[in-house]
Amino acid sequence: MVKQRVAQLEYSEFQSAMLDEEKRRRKAAKIIAVLEHFNGPLGGLTVGDVGCSAGFIADELAQAGAEHTLGIDIDVPGLRKAADRFGERVAFVCGDGTALPFPDGSVDVLVFNHIYEHVVDPDAVVAEMHRVLSDDGVLYLGLGNRLGVMEPHYKLPFLSYLPPAAADRYVRAFGRADHYYERFRTRRGLRRMLRAFHVWDYTFPVLATPTRFAGSELFPGALGRVVKAALARAPRGVLRLLLPVVPTYLWVATKTPRRPAGAALPQPPEPVRPL
C-alpha cells in the first residue's frame, strides 16, 4: 500500500535544524542580501515568511526594516516559541500555505525557503503565493534539487532519487526515520511549478561571491578560497552544465517582468527559461 502524505504538523519538534538559531539567522542574512540585490531595501514593505516555524528568519526580516512582517506555518509548537520571543516585531499566523489568510495582492515580499518538499501540494502553495503577492512583489525561493547527490535532511546519498517505498526502507535501515516524507523535484519540475512567474537564478552569483551575500561560511579555509575563485572565473557555459545536479537553487520570482536592480557581479543572475 502507498502511504498517504499528510501535513507535517509540529515539524520543529522532530527536526532539530529548525531550532538551530545561529544557522537559521545565517540563512536569513543570505535571503535578505539576495532580496536587496534584486529589489532594494525592505523598508516600508509587507514581508511574509511562508513556513516560518520558530521565527528566526521572520525576525531577521523585521529587523532588516520591513514595515509589516508575517510568519505563517502549521507548526503550532514552533509558532508558540516564535510568538513568545518575536511577537512584538512579527505577526505570526497559524495557516495552511494552500489557503493563505491574506487578500489578493497584499504582500510585497514572500520567502519560501526549503519548504516545498515538505508540503502535500506545493503547486497549490505556489498558486496561493502568486495570488497574495502584489503585482510588483518579489518571491524568494530556496529549492532543493531531487538530483542533488546528498539528501539534505537525512544526509544519505541518492536518497531523493529513490521511489517512496525504497526511500522508506533506506531511512529505516540507517535508523534516520520510519518514513521518508519529503518529495523533491528536478530543475525541470521546479521550472514547471513556477511557470506563472518570471524567475531569476541567483545560485551561481551567491556561490561565486559568498561574502557579498552573507554566505562566507559556504567556503571555509584555503580550499574554500580556491573553489570560490574558480567559481567566480569559470565560463558561464561550463557552470550551466552543472545546473541539473546543483543541490539547491536560489531563485527570485516576480509576477511581472523585472530585472535585478543591484550592482554587476562576477557571475550575474540569469533568467530561468519557463516551461
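Scroll up a little and you will see the structure.
Please read these numbers as outputs of a predicted model, since none were measured by experiment.

## Digging into the overall build of the protein
Looking only at helices and strands, the protein features 10 helices and eight strands. Computed over its C-alpha atoms, the radius of gyration of the protein comes to 18 Å, within 12% of the 19 Å expected for a compact globule of 275 residues. Dimensions of the protein, computed from the C-alpha atoms along their principal axes, are close to 50 × 40 × 40 Å. Among the 275 residues that make up the protein, the fraction classed as buried is 50%. Pairs at least 24 residues apart make up 72% of the contacts formed inside the protein by residues separated by at least 6 positions. Surface accessibility of the protein: about 13000 Å² in total, with carbon and sulfur atoms responsible for 57%.

## Section: a nonpolar patch on the surface
Together, Val149, Phe158, Tyr161, Leu162 and Val245 make up a nonpolar patch on the protein surface, roughly 390 Å² of accessible area in all. For Phe158, the position within the fold is in the loop between strand E5 (133–144) and helix H6 (164–173).

## Quick look at the packing of aromatic side chains
The relative placement of two aromatic rings is captured by the distance of their centres and the angle of their planes. All chains considered together, the criterion is met by eight aromatic pairs. Ring geometry for Tyr154 versus Tyr180: centroids 5.8 Å apart, planes at 70 degrees, classification edge-to-face. With Tyr154 in the loop between E5 and H6 and Tyr180 in the loop between H6 and helix H7 (187–193), this pair connects stretches of sequence that are 26 residues apart. The class of Tyr154 is buried, set by a relative accessible area of 12%. A relative accessible area of 4% places Tyr180 in the buried class.

## Some words on the environment of Ile31
Counting through the fold element by element, Ile31 comes out in helix H2 (residues 21–39). Counting along the chain gives 195 residues from Ile31 to Val226, while the straight-line C-alpha distance between them is 24 Å. Excluding residues within four positions of it along the chain, Ile31 makes contact with Ile57, Val111, Asn113 and Tyr140.

## Some details on the nonpolar core
If you look at soluble globular proteins, the nonpolar side chains tend to sit buried side by side. Judged by nonpolar contacts, the single largest core of 43 residues is most densely connected at Phe112, Met129, Leu139 and Leu194. When near neighbours in sequence (up to four residues on either side) are disregarded, Leu139 contacts Leu110, Phe112, Met129, Leu133, Leu194, Phe197, Trp251, Val252 and Ala253. Core analysis: the second largest hydrophobic core is formed by 24 residues, Ala28, Leu42, Tyr140 and Leu250 among them.

About the thresholds
- Residues numbered from 1 in each chain as written.
- Predicted model: local features only at pLDDT ≥ 70, side-chain atom pairs only at ≥ 80, totals over all residues.
- Heavy atoms only, no water.
- Helix = DSSP H or I, 4+ residues; strand = E, 2+ residues; numbered from the N terminus.
- Rg over C-alpha atoms; globule rule 2.2 N^0.38 Å.
- Buried < 20%, exposed > 50% of the residue type's maximum accessible area, 1.4 Å probe, protein only.
- Contact = heavy atoms within 4.5 Å.
- Areas by Shrake-Rupley, 256 points an atom, 1.4 Å probe, with all protein chains shown as cover.
- Patch = residues over 30% accessible without salt bridge, like charges linked within 9 Å, V, L, I, M, F, W, Y side chains within 5 Å.
- Salt bridge = Lys/Arg side-chain N within 4 Å of Asp/Glu carboxyl O.
- Phe/Tyr/Trp six-rings, centres within 6.5 Å; stacked < 30°, edge-to-face > 60°.
- Core = buried A, V, L, I, M, F, W, Y, C linked by side-chain atoms within 4.5 Å.

On their own, these measurements won't tell you what the molecule is for.
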